[in-house]
Amino acid sequence: MTTIGTVAVIGAGQMGVGISHAVALGGYSVRLYDIAAARLPVAVGEIAANLARQVGKGTVTQADADAALARIQTTDSLAEAGSADLVIEVAVEDEAVKKALYAELVPHLAAHTLLASNTSSISITRLASATDRADRFIGLHFMKPAPVMGLVEIIRGIATSADTYDTAVAFAESLGKTTTNAEDFPAFIVNRILVPMMNEAIFTLYEGVGDVASIDKALKLGANHPMGPLELADFMGLDVVLAIMNVLYDGLADSKYRPCPLLVKYVEAGWLGRKSGRGFYDYSGPSPVPTR
């Protein structure tokens, strides 16, 4: 199998921060890149704060946290990022954006570099076709928050080699994760099941069957879910939920995947959930307050 020592993470948003954290704790050298250079020191601060939180809970030792943070270096150079053994793309869930990024990134990749996407829904085969290494391209879908969640979905494109797949599985398992193999169909396994449930919860709200608090309470207490579906949608990001629903609707041509008009309206308003301060809950106060 390909040997991985350095990992570049392309994108320093919430998922990029979480993946960098998990990978550095796993003992790998991390190169964290973002097109907005001003975002990089903020991202490192977030990783440091999250590591400190784990130390406080006793799940990570101070020595391990310090070592992990020391393994992370930031860069605003795609050339520096591209020479890593494994590059994980964590751009927004937009196929055009990802392909445009690959067009810039591919000339800087080393011959041996494996390229992975953290996409939560988009075809790995189509994304791989926009690169020069379809055989060394794979889906590595970390769950949010990446340092805490135990699963990584592994998705092969039609051209992904056996060596690339075996290396990806071994890499994810070396981080203490459990892997599941998903075929290259829209939204794979987790989001194929989870996101339509959120969309149905939004329809339930839209149609007046229940308000935000009652819907989330019903699923937490009635189905033993740790978070209600509307709370979870806010946590994931309503723009991400909508993007996944559109991938499902377009890719499977089934009306059951039609995004709820209320979800579309919230995204149009910029009410994206926790990251924007308002979604199905208002996060401006000391505790979240339902907005409907």
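Criteria and cut-off values
Residues numbered from 1 in each chain as written. Predicted model: local features only at pLDDT ≥ 70, side-chain atom pairs only at ≥ 80, totals over all residues. Heavy atoms only, no water. UniProt positions renumbered as here; feature names shortened; annotations may be inferred. 1 Å grid on protein atoms, 1.4 Å probe; cavity = no way out; pocket = protein on both sides within 12 Å on 5 of 7 lines; lining within 4 Å. Points joined across faces, edges and corners; volume = space filled by probe spheres on them. Helix = DSSP H or I, 4+ residues; strand = E, 2+ residues; numbered from the N terminus. Pairing = 2+ DSSP bridges. Axes fitted to C-alpha atoms, helices over the stretch in contact; angles between N-to-C directions. Contact = heavy atoms within 4.5 Å. Polar contact = N/O pair within 3.5 Å; in protein donor to acceptor, adjacent residues only side chain to side chain. Salt bridge = Lys/Arg side-chain N within 4 Å of Asp/Glu carboxyl O. Buried < 20%, exposed > 50% of the residue type's maximum accessible area, 1.4 Å probe, protein only.

You'll find the protein chain entered in an unreviewed UniProt entry as 3-hydroxybutyryl-CoA dehydrogenase, with Brevundimonas goettingensis given as the organism. Of the comments in the UniProt record for the protein chain, the one headed Sequence similarities (unreviewed entry) reads "Belongs to the 3-hydroxyacyl-CoA dehydrogenase family."

Remarks on empty space enclosed by the protein
Summary: where empty space remains is shown by rolling a probe the size of a single water molecule over the atoms. What the rule picks out here adds up to one cavity of 30 Å³ or more. Reported here for the largest cavity is a volume of approximately 40 Å³. What lines the largest cavity is simply I4, L86, L114, L115, A116, R136, I138, L140, T164, T167 and A168. Elements represented by at least two residues in the lining of the largest cavity include exactly β5 (114-117), β6 (137-142) and α7 (162-174).

Comments concerning the sheet that holds strand β2 (residues 29-33)
Reading across from one edge, β3-β2-β1-β4-β5-β6-β7-β8 is the order of the eight strands in this open sheet, with mixed pairing throughout. Each edge of the open sheet carries a strand with a single partner, namely β3 (72-75) and β8 (178-182). Going across the sheet, the axis of each strand differs from the next one's by a mean of 25 degrees, ignoring polarity. Sitting on the sheet, α7 touches β1 (6-10), β4 (86-89), β5, β6, β7 (151-156) and β8, and the angle it makes with β6 is about 25 degrees.

Points about the side chain of N191
Positionally, N191 belongs in helix α8 (residues 190-206). At 3.2 Å, the side chain of N191 and the backbone oxygen of S120 are in polar contact. Residues within four places of N191 in sequence aside, it is in contact with S120, H141, P196, M236, I244 and L248.

Considering the pattern of salt bridges
If you walk through the whole model with that rule in mind, you get 11 salt bridges. Here K98 and E93 are joined by a salt bridge, their closest N and O atoms 3.9 Å apart. Side by side, K98 and E93 carry an identical accessibility label, which is buried.

A short note on the layout of surface pockets
As a volume, the second largest pocket reaches approximately 550 Å³. As for the second largest pocket, its lining consists of 19 residues, and the residues nearest its centre are N50, R53, P145, P147 and V148. Breaking the lining of the second largest pocket down by element, the ones donating at least two residues are α1 (14-25) and α2 (39-57). Sort the elements by how many residues they give to the lining of the second largest pocket and α2 lands first, with six residues.

Brief notes about the environment of P145
Mapped onto the elements of the fold, P145 is located in the loop between β6 and β7. P145 sits in the partly exposed class, given a relative accessible area of 32%. For the pair P145 and F235, spaced 90 residues apart in sequence, the C-alpha separation works out to 9.7 Å.

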